[in-house]
Amino acid sequence: MNTSNRRKFIATTASLAVGTAAAAAMPLNIMENKYPVIHHVFFWLKNPGSKEDRDQLVAGVKTLSKIEMIRELRVGVVADTEKRDVVDKSWAVSELMFFSNLADQAAYQNHPVHLEFIKNCSHLWEKVVVYDIADA
């Protein structure tokens, strides 16, 4: 190997080593787990073809962000992803909430804003499925 090629090889190897060391130092779990309790709800509309009903339910779910115990709230609709046997696209609206602890999630259930949401929006849904998750 001539001197020029040896220098290029050493520089490339050194760069790869530095990049590999930096990548190894990064945590595998990039997202910090701040909120160990998750409340995920799926809603099926009584009128599944009604964009107006869907939008009204989305707006209603977003009012829940006023509840102080909810650390983070995500509201979504079915994504236009590929059709696969394992993907359920039968629902219409989803809410994903993060709580600091189980006591906050329990308190949310009886919060006046949550009860008002149920009163104002329950006529829109036919079915609701809830998945409550705690970190393992």
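Details of the structure are given in the entry above.
The rules behind each value
Residues numbered from 1 in each chain as written. Predicted model: local features only at pLDDT ≥ 70, side-chain atom pairs only at ≥ 80, totals over all residues. Heavy atoms only, no water. Salt bridge = Lys/Arg side-chain N within 4 Å of Asp/Glu carboxyl O. Helix = DSSP H or I, 4+ residues; strand = E, 2+ residues; numbered from the N terminus. Buried < 20%, exposed > 50% of the residue type's maximum accessible area, 1.4 Å probe, protein only. Core = buried A, V, L, I, M, F, W, Y, C linked by side-chain atoms within 4.5 Å. Contact = heavy atoms within 4.5 Å. Pairing = 2+ DSSP bridges. Axes fitted to C-alpha atoms, helices over the stretch in contact; angles between N-to-C directions.

Student: Where do I start with the pattern of salt bridges in this structure?
Tutor: Once their charged atoms are close, side chains differing in charge can pair, the charge on each being opposite to the other. The full count for this structure, using the stated rule, is five salt bridges. In this structure, the salt-bridge partner of Asp-55 is Lys-51, at a minimum N-O distance of 2.7 Å. With a gap of four residues between them, Asp-55 and Lys-51 both fall in helix H2 (residues 51-62), about one helical turn apart. Of the residues examined, Lys-51 reaches a relative accessible area of 55% and is grouped as exposed. Salt-bridge contacts for Arg-71 lead to Asp-104; the nearest nitrogen and oxygen are separated by 3.8 Å. Separated by 33 residues along the polypeptide, Arg-71 in the loop between H2 and strand E2 (72-77) and Asp-104 in helix H3 (residues 102-109) bring together distant segments of the chain. Residue Arg-71 is classed as partly exposed on the basis of its relative accessible area, which comes to 39%. Classification of Asp-104 by relative accessible area gives buried; the value is 17%. Overlapping salt bridges bring together Lys-51, Arg-54 and Asp-55 as one network.

Student: Looking at this structure, how should I read the nonpolar core?
Tutor: Grouped burial of nonpolar side chains is what soluble globular proteins tend to show. Of all hydrophobic cores here, the largest spans 20 residues; its most connected members are Phe-43, Leu-57, Leu-64 and Phe-117. Among the secondary structure elements, those contributing two or more residues to this core are strand E1 (37-45), H2, strand E3 (93-99) and helix H4 (112-121). Among the elements that line this core, the one with the most residues is E1, at four residues. Leave out the neighbours within four places in its chain, and Phe-117 touches Phe-43, Leu-57, Gly-60, Val-61, Thr-63, Leu-64, Ser-122 and Trp-125.

Student: Is there a simple way to think about the sheet that holds E1 in this case?
Tutor: Read from one edge to the other, the open sheet built from four strands follows the order E2-E3-E1-E4, with strand pairing classed as antiparallel. Of all the strands in the sheet, just E2 and strand E4 (125-134) have a single pairing partner and so form its edges. Taken over all neighbouring pairs, the strand axes of this sheet differ in orientation by 15° on average, direction set aside. Relative to E4, E1 runs antiparallel, the two sharing nine bridges. Note on E4: the bridge partner recorded for Val-41 is Val-130. Helix-sheet contacts for H2 involve E1, E2, E3 and E4, and the interaxial angle to E2 is about 175°.

Keep in mind these values describe shape, not function.
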